[in-house]
Amino acid sequence: MAARKSTKKPNVSADELKKYYREMLLIRRFEEKAGQLYGMGLIGGFCHLYIGQEAVVVGLEAAAKDGDKRITSYRDHGHMLACGMEAGGVMAELTGREGGLSKGKGGSMHMFSKEKHFYGGHGIVGAQVPLGAGLAFADKYKGTDNVTFTYFGDGAANQGQVYETYNMAQLWDLPVVFVIENNQYAMGTSVQRSTKSPALWKRGEAYGIAGEEVDGMNVLSVKEAGERAVAHCRAGKGPYILEVKTYRYRGHSMSDPAKYRTREEVQKMRDERDPIEQVRDMLLTGNHATDEDLKAIDKEIKAIVNDAAEFSKTSPEPALEELWTDIYA
């Protein structure tokens, strides 16, 4: 299947546009606050921020339905918030507190929510891809029409386990959407330097897997492509690959100075392609919202994030006995 470029005007309501704006803004403000807390020494270990990539998860969650599953790598806070996991619980997990969604024992990279069908961030590059196929296998086995969104990055796209999974997924017609969040730099090496065939979505052609490339800085384009992908999977046609071309504004993690690209490049992307500003412009120019409406949303989001940060600082640390719970042996 060829890469698609949307030509039709996206059919979304003003309320839907406001919803996407609010959800992307929540992720942006949450991640900015997480960066501040990390700088204050309140978040330890690794911390990978999602700033700039918000349209990917918000667009794909707009194409999902109840019971659909999602699994991703370690840049996972945005995914958690987009599927409805509570901001205070996410932030408290980052600070290692009892009120965190994994009781303060998972940290930034290893949160789960069975209720929201979020099966984790995973710290080993590409490890979540076969697990995502397993989740899809479970749905096929049970006879549901649910799909699994299996997210990984451009860096993981060269991992051998990805291709083993492609083969199994197509062989068994698994209802899995492989989402390649191509933010162009992996851990710090550009796709052009690391990858001989940079059209990553075409890697499925050898297995007969359908796919396409989509503008990951435009939430409506992502939603539209996501709807095609899930329709393909729900119809029993097997897996689908979405290569979502996006861009992270911060480094790979909080410890990355990002010297492999220029400040001018990042600023140009912020000025010309920012996913939140695009929706803001649509709302204002289409007379779907006023400046005051959007300021009210921003005020609401800041209050949610501030409350989450306060909870993450005041929730107690896990009791020493928690070292011996939630383990196999």
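Starting from 1, residues in each chain are numbered consecutively following that chain's sequence as written. pLDDT decides what is reported in this predicted model: residues at 70 or higher carry local features, side-chain atom pairs at 80 or more are listed and counted, and totals for whole chains, interfaces and linings draw on all residues regardless. Each side-chain value is derived from all of the structure's non-hydrogen atoms; neither hydrogens nor water enter the calculation.

Some thoughts on the overall build of the chain
Only DSSP runs of H or I reaching four residues or more are called helices, and only runs of E reaching two or more are called strands; each is numbered from the N terminus. Assigned secondary structure in the chain consists of eleven helices and five strands. Relative to the globule expectation of 20 Å for 329 residues, the C-alpha radius of gyration of the chain, 19 Å, shows essentially globular dimensions. Considered along the principal axes of its C-alpha atoms, the chain spans approximately 60 × 50 × 40 Å. With 329 residues in all, the chain has 52% of them scored as buried. Computed with a 1.4 Å probe, the accessible areas rest on the Shrake-Rupley method; for each residue, only the protein chains presented here act as cover. Only carbon and sulfur atoms are counted for the fraction: they give 52% of the accessible area of the chain, which is about 15300 Å². Counting rule applied: Lys, Arg positive; Asp, Glu negative; His and chain ends not counted. Charge positions are represented by NZ for Lys, CZ for Arg, CG for Asp and CD for Glu. For the chain, the centre of its 43 positive side-chain charges and the centre of its 46 negative side-chain charges are spaced 3 Å apart. The globule rule is 2.2 Å times the number of residues to the power 0.38, and the radius of gyration it is compared with is taken over C-alpha atoms. To sort residues, take the accessible area from a 1.4 Å probe on protein chains only and compare it with the maximum for the residue type: under 20% means buried, over 50% means exposed, and anything in between is partly exposed.

Remarks on helix α10 (residues 275–285)
Every buried residue of α10 is listed here: Pro275, Ile276, Val279 and Leu283. For α10, the angular spread of buried residues about the axis comes to 100°, placing them on one side. Check the buried side of α10 and you find it contacts α1 (14–39), α2 (54–61), α8 (219–234), α9 (263–273) and α11 (291–314). In the analysis that follows, any N or O atom pair within 3.5 Å is treated as a polar contact, provided that within protein one partner can donate a hydrogen and the other can accept it, and provided that, for residues neighboring in sequence, both atoms belong to side chains. Where α10 starts, the residue carrying a side-chain oxygen 3.1 Å from the main-chain nitrogen of Ile276 turns out to be Asp274. Following α10 by one or two positions, Asn287 has its phi on the positive side, about 55°. The arc refers to the directions leading from the helix axis to the C-beta atoms. We call two residues contacting when some pair of their heavy atoms lies within 4.5 Å.

Quick notes on a nonpolar patch on the surface
On the surface, a cluster of nonpolar side chains totalling about 590 Å² of accessible area is made up of Phe137, Tyr141, Met168, Leu171 and Trp172. For the nonpolar patch, the secondary-structure elements that each account for two or more residues are α5 (128–142) and α6 (160–171). Along the chain, Trp172 turns up in the loop between α6 and β3 (176–182). A relative accessible area of 40% means that Trp172 is categorised as partly exposed. Patches in this entry comprise residues that are over 30% relatively accessible and not in a salt bridge; like charges within 9 Å are linked, as are nonpolar side chains (Val, Leu, Ile, Met, Phe, Trp, Tyr) within 5 Å. Any carboxyl oxygen of Asp or Glu within 4 Å of a side-chain nitrogen of Lys or Arg constitutes a salt bridge here.

Comments concerning the UniProt feature "domain: Dehydrogenase E1 component" (unreviewed entry) in the chain
In this structure's numbering, the residues bearing the UniProt feature "domain: Dehydrogenase E1 component" (unreviewed entry) are residues 23–320. Helix makes up 44% of residues 23–320 and strand 9%. Its end C-alpha atoms lie 36 Å apart. UniProt positions are given in the numbering used here, feature names are shortened, and annotations may be inferred rather than shown by experiment.

Brief notes about the pairing of strand β2 (residues 148–153)
When you tally the buried positions in β2, you get five out of six residues, the bulk of the element. Note on pairing: DSSP must find at least two bridges between two strands before they are called paired. Of the strand pairs in this sheet, β2 and β3 are connected by six bridges, and their pairing is parallel. Looking at β3, one finds that Thr148 is bridged to Val176. A crossover connection joins β2 to the parallel β3 through α6; in handedness this β-α-β unit is right-handed. Handedness rule for crossovers: strands pointing away from the viewer, path from the first strand over the helix to the second running clockwise, crossover right-handed.

Considerations on the packing of α1 against α10
To obtain each axis, a line is fitted to C-alpha atoms, and for helices this fit is confined to the stretch in contact; angles are then taken between N-to-C directions over 0 to 180 degrees. Put simply, α1 and α10 touch, their axes get as near as 10 Å, and they point 150° apart. On the basis of their axis angle, the class for α1 and α10 is roughly antiparallel. Seen from above, α1 lies across α10 with left-handed handedness. On α10, the residues touching Ala14, Leu17, Lys18, Tyr21, Met24, Leu25 and Arg28 of α1 are Pro275, Ile276, Val279, Arg280, Met282 and Leu283. Each residue is assigned to one class: nonpolar for Ala, Val, Leu, Ile, Met, Phe, Trp, Tyr, Cys and Pro, charged for Asp, Glu, Lys and Arg, and polar for all the others, Gly among them. When the residues that make up the contact of α1 with α10 are grouped by side-chain class, the tally is ten nonpolar, no polar and three charged. Each angle receives one of four descriptions, namely roughly parallel if under 35 degrees, roughly antiparallel if over 145, roughly perpendicular if within 65 to 115, and oblique otherwise. Crossing handedness follows the turn of the near helix against the far one: under a right angle anticlockwise gives a left-handed crossing, and clockwise gives a right-handed one.

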